Amino acid sequence: MPEPERPDAYDPVGPLPREAMSPTGQGGAMDLALEEGESLEKTLAPAPGGAGPSEKARSLWSDAWHQLRRNPVFIVSALLILFLVLIAIWPQLIASGDPLQCDLSKSQEGSSPGHPFGYDTQGCDVYTRTVYGARASITVGVCATLGAALLGSALGGLAGFFGGWWDALLSRVADIFFGIPVILGGLVFLSVVTSTTVWPVVGFIVLLGWPQLARIARGSVITAKQNDYVQAARALGAGNGRMLLRHVAPNAVAPVIVVATIALGTYIALEATLSFLGVGLRPPTVSWGIDISNAASQIRNAPHMLLWPAGALSLTVLAFIMLGDAVRDALDPKLR
């Protein structure tokens, strides 16, 4: 007659009961295996409300955007720059007057209803001229930055990728431009120009600004082309054009963007400096540099003429520099 099955019996081949897998408390091999299993289970378990271990890794740009959205410096500077760009395109949004309409009978008068910034020496509304001055300054800064970035990136990228005599020639030409003093070069170059538009100033800034960005692009391309994925693409038979456009350039453009963003604010300040010296933008163009130059001699009698355009210029330059610093921190993992 078969023996009845005991309640505590278990199948040696089947799974062990939970009581049989309990820790012994003596630090043996079983305890160590159990601790490693629990640790592995916690690691593989998905976080509450998040993705599991199979979550796709973010790229450099998505990770940078993820960091920028949480950076208050970037948010403040971006909102300020957006506001400046809007009033540069549509100054009528916040200023209804004409910046060239002046009344000498109100020369150097202080603030009054409808004219919060007062009047300048010619009787022009300082508020209206300050608002309209954003257009020329931001136009010069943006166009000069785009021109210098495109020219510098193209020349520097080709020199860094191909090397040889092209690299040596570009380095020597860049050294020549680095040796030209910016203010002195502006006085010499722009003093013979009679145009009252912004393009001579933009051309001069691009002429002296591209070597810096070319050197940054050259070093970044030299670093990127030594990576394993570029060598693998070359081994698979990819041509120079494909490697440069598909593999090297996207991974070498980040430093150029950072330097160009910071340089934009510097170019706006340079335009104001050249206009202050009388060789930059000229009337009837409305510019912060021109207004600061006109107000410099009257700073004791009418300080409001200098305060508002100089404050707008300083705020604009600061906003672009802060934006560049935030972008640099987001694109450089070493600074996080």
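Residues numbered from 1 in each chain as written. Predicted model: local features only at pLDDT ≥ 70, side-chain atom pairs only at ≥ 80, totals over all residues. Heavy atoms only, no water.

Caption draft 1: Quick peek at the overall build of the protein chain. A tally of regular secondary structure across the protein chain gives 12 helices and zero strands. Element order for the protein chain, N to C, with α for helix and β for strand: α-α-α-α-α-α-α-α-α-α-α-α. Counting across all 336 residues of the protein chain, residues that qualify as buried make up 38%. Entry remark: accessible area of the protein chain is about 19,700 Å², with carbon and sulfur atoms responsible for 64%. (Helix = DSSP H or I, 4+ residues; strand = E, 2+ residues; numbered from the N terminus. Buried < 20%, exposed > 50% of the residue type's maximum accessible area, 1.4 Å probe, protein only. Areas by Shrake-Rupley, 256 points an atom, 1.4 Å probe, with all protein chains shown as cover.)

Caption draft 2: Just the side chain of His304, in detail. One can find His304 in helix H12 (residues 304-331). You can call His304 buried: its relative accessible area is 16%. Within the structure, the side chain of His304 is placed 2.9 Å from the backbone oxygen of Tyr119, a separation counted as a polar contact. Those residues in contact with His304 that sit more than four places away from it in its chain are Gln108, Glu109, Gly110, Phe117, Gly118, Tyr119, Val126 and Pro309. (Polar contact = N/O pair within 3.5 Å; in protein donor to acceptor, adjacent residues only side chain to side chain. Contact = heavy atoms within 4.5 Å.)

Caption draft 3: Representation of helix H10 (residues 254-276). With 23 residues, H10 should cover 33 Å at 1.5 Å per step; its first-to-last C-alpha distance of 34 Å lies within 8% of that length. By the largest-angle criterion, Leu264 marks the main kink of H10, which is about 25°. In the stretch just after H10, Gly278 is the one whose phi turns positive, near 90°. (Expected span 1.5 Å × (residues − 1). Bend = angle between axes of the 7 residues up to and from the residue.)

Caption draft 4: Layout of unusual backbone geometry. For the bond running from Pro283 to Pro284, omega is 10°, close enough to zero to count as cis. Checked against the element boundaries, Pro284 lands in the loop between H10 and helix H11 (288-296).

Caption draft 5: Representation of the state of the cysteines within the structure. For the structure on display, the rule yields one disulfide. The disulfide bridge from Cys102 ends at Cys124, spanning 1.6 Å between sulfur atoms. Handedness of the Cys102-Cys124 disulfide follows from its S-S torsion of about 65°: it is right-handed. With Cys102 in the loop between helix H3 (72-89) and helix H4 (126-162) and Cys124 in the loop between H3 and H4, this pair connects stretches of sequence that are 22 residues apart. (Disulfide = S-S within 2.5 Å.)

Caption draft 6: Seen up close, the environment of Leu213. Residue placement: Leu213 occurs in helix H7 (residues 199-224). For Leu213, a relative accessible area of 1% corresponds to the buried category. Distance in space between the C-alpha atoms of Leu213 and Leu155 is 9.4 Å, their sequence separation being 58 residues. Contacts of Leu213, omitting those with residues within four sequence positions, involve Ala148, Ala149, Gly152, Val256, Val259 and Ala260.

Caption draft 7: Main features of the nonpolar core. Grouped together as the largest cluster of nonpolar side chains are 30 residues, with contacts concentrated most on Ala134, Ile268, Leu313 and Leu331. Listing elements by their share of this core, those giving two or more residues are helix H2 (60-68), H3, H4, H10, H11 and H12. Ranked by residue count, the leading element in this core is H12, at 12 residues. Core analysis: the second largest hydrophobic core is formed by 28 residues, Ala136, Val202, Ala214 and Val259 among them. (Core = buried A, V, L, I, M, F, W, Y, C linked by side-chain atoms within 4.5 Å.)

Caption draft 8: Broad picture of the confidence of the model for the protein chain. On average, the protein chain scores 81 in pLDDT, and the residues at 70 or more come to 81%. Across the protein chain, H3 holds the top mean pLDDT of 94, while helix H1 (residues 29-44) sits lowest at 46. Note that residues 39-55 has pLDDT below 50 and, in this model, three contacts with residues that lie over four places away or in other chains. (pLDDT = per-residue confidence, 0-100.)

Caption draft 9: Main features of H7. In a regular helix each residue adds 1.5 Å, so 26 residues correspond to 38 Å; H7 covers 35 Å between its end C-alpha atoms and thus fits that length. Where H7 bends most, the angle comes to about 40°, and this point is Gly209, followed within four residues by the proline Pro211.

Caption draft 10: Summary view of the packing of aromatic side chains. Within this structure, the stated rule accounts for seven aromatic pairs. Summarising the aromatic geometry, the rings of Phe177 and Trp210 are spaced 5.6 Å apart at their centres and angled 65° between planes, so their arrangement reads as edge-to-face. Placement of Phe177 in helix H5 (residues 164-178) and of Trp210 in helix H7 is noted, with a sequence separation of 33 residues between them. Both residues of the pair, Phe177 and Trp210, belong to the buried class. Chaining the aromatic ring pairs together yields one cluster made of Phe117, Tyr127 and Trp308. (Phe/Tyr/Trp six-rings, centres within 6.5 Å; stacked < 30°, edge-to-face > 60°.)

Caption draft 11: Expanded view of the side chain of Arg282. Relative to the helices and strands, Arg282 is located in the loop between H10 and H11. Buried within the structure, Arg282 lacks any salt-bridge partner; its nearest side chain of opposite charge belongs to Glu271, at an N-O separation of 11 Å. At 3.2 Å, the side chain of Arg282 forms a polar contact with the backbone oxygen of Val193. Among all residues touching Arg282, those that are not within four sequence positions of it are Leu190, Ser191, Val193, Ser195, Thr196 and Ile290. (Lys, Arg positive; Asp, Glu negative; His and termini not counted. Salt bridge = Lys/Arg side-chain N within 4 Å of Asp/Glu carboxyl O.)

Caption draft 12: Structural view of the packing of H4 against H10. In contact at an axis separation of 8 Å, H4 and H10 are set at 140° when each is read in the N-to-C sense. One way to sum up the angle between H4 and H10 is to call them oblique. The handedness of the crossing between H4 and H10 is right-handed. Residues Ser137, Ile138, Val140, Gly141, Val142, Ala144, Thr145, Ala148, Ala149 and Ser153 of H4 form the contact with H10, whose own contacting residues are Val256, Ala260, Leu264, Tyr267, Ile268 and Glu271. For the contact of H4 with H10, the per-class residue count stands at 11 nonpolar, four polar and one charged. (Axes fitted to C-alpha atoms, helices over the stretch in contact; angles between N-to-C directions. Parallel < 35°, antiparallel > 145°, perpendicular 65-115°, else oblique. Left-handed = near helix turned anticlockwise from the far one by under 90°. Nonpolar A, V, L, I, M, F, W, Y, C, P; charged D, E, K, R; others polar.)

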